[in-house]
Amino acid sequence: RQIAIFASGSGSNFQSLVDAVQSGTLKANIRLLVCDQPGAFVIHRAQTAGIPTFVFRAKDYENKQTFEQEILNELAHLGVDFIVLAGYMRLIGPTLLESFGGRIVNIHPSLLPSFPGKDAIGQAIEGGVKITGVTIHFVDAGMDTGEIIAQEIVRVTTGETRQSLQDKIQHVEHHLYPTTLNHLFLTTGH
Ligand code: GRF
């Protein structure tokens, strides 16, 4: 399995996937990091791990189609057959969806369909829910709407802060993503 990881931020999930490949928990080759934020810490993580990067600024391109076409060329060149989103803060457009239909997954910090979009953790705190969690799902044209692959519960305790909830959710993410991807790759022809 040849994968590309797309990320925009700190990349703690990116790191957990790199570590899982190194330890043998995730049987895949991470061929490329795609990042739309030139200052993001995830780029540093990729460099440290010796993983090639494709870094771009959306505003340097005419539209989504033009930068996605360039990404697509890069993925084809490297033989990438699966896209893993890990904190990539953009909707995937038709150019990538048409070529990678059913072969793009995302991780989201809530129990979808609750709290889609940005700031799912803040929405959970605001909503006063006692249970939230993590969802791994296939990506379609919508915002966090694709078919659900796996979910895990995280309890919201009394006095929970945004930071403490985020820490609990990320802890779950860092084992759920590698194990779910490995299972998906073993059990499907994707
Ligand atoms: C994660 O919480 C993920 O669920 C969401 O974005 C966050 C990325 O965090 N889609 P990191 O950059 O992997 O640390």
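Each residue is numbered by its place in its chain's sequence as written, counting from 1. Thresholds applied to this predicted model are a pLDDT of at least 70 for local features of residues and 80 or more for the giving and counting of side-chain atom pairs; totals over whole chains, interfaces and linings are not thresholded and use all residues.

An unreviewed UniProt entry lists the protein chain under the name Phosphoribosylglycinamide formyltransferase, with Rossellomorea vietnamensis given as the organism.

What to know about unusual backbone geometry
Condition: Helix numbering and strand numbering both begin at the N terminus, where a helix is a DSSP run of H or I of at least 4 residues and a strand a DSSP run of E of at least 2. Exposure classes come from backbone-placed C-beta atoms, where a residue is buried if 20 or more other C-beta atoms lie within 10 Å of its own, exposed if 12 or fewer do, and partly exposed in between.
With an omega dihedral of 10 degrees, the bond running from leucine 112 to proline 113 counts as a cis peptide bond. Mapped onto the fold, proline 113 is located in the loop between β5 (104–108) and α5 (120–127). Of note in the backbone geometry, phenylalanine 115 takes a positive phi value of approximately 55 degrees without being a glycine. For phenylalanine 115, a count of 22 C-beta atoms within 10 Å translates into the label buried. In this structure, aspartate 119 takes a positive phi of about 60 degrees despite not being glycine. Within the secondary structure, aspartate 119 is located in the loop between β5 and α5.

Here's the deal with the site of the ligand
Quick reminder of the rule: By definition, a residue lies near a molecule or strand when the C-beta atom built from its backbone is within 6 Å of it. Charged residues are taken to be Asp, Glu, Lys and Arg, nonpolar residues to be Ala, Val, Leu, Ile, Met, Phe, Trp, Tyr, Cys and Pro, and polar residues to be all remaining types, Gly included.
Around the ligand there are 14 residues in total, and Gly9, Ser12, Asn13, Gly87 and Pro109 lie nearest to it. Of all elements in the fold, only α1 (12–23), β5 and α6 (162–187) reach the threshold of two or more residues within the shell around the ligand. Split by residue class, the shell around the ligand holds five nonpolar, eight polar and one charged.

What about the sheet that holds strand β7 (residues 148–155)?
The criterion, for reference: When DSSP finds two or more bridges between two strands, those strands count as paired. Axes here mean lines fitted to C-alpha atoms, for a helix over just the part in contact, with angles spanning 0 to 180 degrees between N-to-C directions. Placing a C-beta atom from the backbone of each residue, one calls two residues in contact when those atoms lie within 7 Å.
The strand order across the open sheet formed by seven strands is β3-β2-β1-β4-β5-β6-β7, and the pairing between neighbours is mixed. The open sheet has two edge strands, β3 (53–55) and β7, and neither has a second partner. Each strand axis lies, on average, 20 degrees off the axis of its neighbour in the sheet, ignoring direction. Two elements, β5 and strand β6 (residues 131–138), share four bridges in a ladder whose sense is antiparallel. From the neighbouring strand, isoleucine 107 faces β6, where its bridge partner is isoleucine 136. Relative to strand β2 (residues 29–35), helix α2 (residues 41–49) is tilted by about 150 degrees, and along the sheet it contacts β1 (2–7), β2 and β3. Of the strands in this sheet, β1, β2 and β3 touch helix α3 (residues 64–78), which is tilted by about 165 degrees from β2.

As for the packing of α1 against α6
Short version of the rule: Each angle receives one of four descriptions, namely roughly parallel if under 35 degrees, roughly antiparallel if over 145, roughly perpendicular if within 65 to 115, and oblique otherwise. Working rule for handedness: look at the near helix, and if it is turned counterclockwise from the far one by less than a right angle, call the crossing left-handed; if clockwise, right-handed.
Two numbers describe how α1 lies on α6: the axes approach to 9 Å, and their chain directions differ by 40 degrees. On the basis of their axis angle, the class for α1 and α6 is oblique. As for how α1 packs across α6, the hand of that crossing is right-handed. In this structure, α1 contributes Ser12, Asn13, Ser16, Leu17 and Ala20 to the contact, and α6 contributes Gln170, Glu173, His174, Tyr177 and Pro178. Looking at the contact of α1 with α6 residue by residue, the class counts come to four nonpolar, five polar and one charged.

Examining the confidence of the model for the protein chain
In plain terms, the rule: Residue-level confidence of the predictor is what pLDDT reports, using numbers from 0 through 100.
Scored by pLDDT, the protein chain has a mean of 97; 99% of the residues are at 70 or more. Predicted complex metrics record ipTM = 0.96 and pTM = 0.97.

With respect to the packing of α5 against α6
Geometry of a packed helix pair, given as the angle between the helix axes and the separation of the axes. α6 packs onto α5 with a crossing angle of 125 degrees between their chain directions and a minimal axis gap of 10 Å. As the angle between them shows, α5 and α6 are arranged oblique. Between α5 and α6 lies a crossing of right-handed hand. Residues Ile121, Gly122, Ala124 and Ile125 of α5 pack against Arg162, Leu165, Gln166 and Ile169 of α6.

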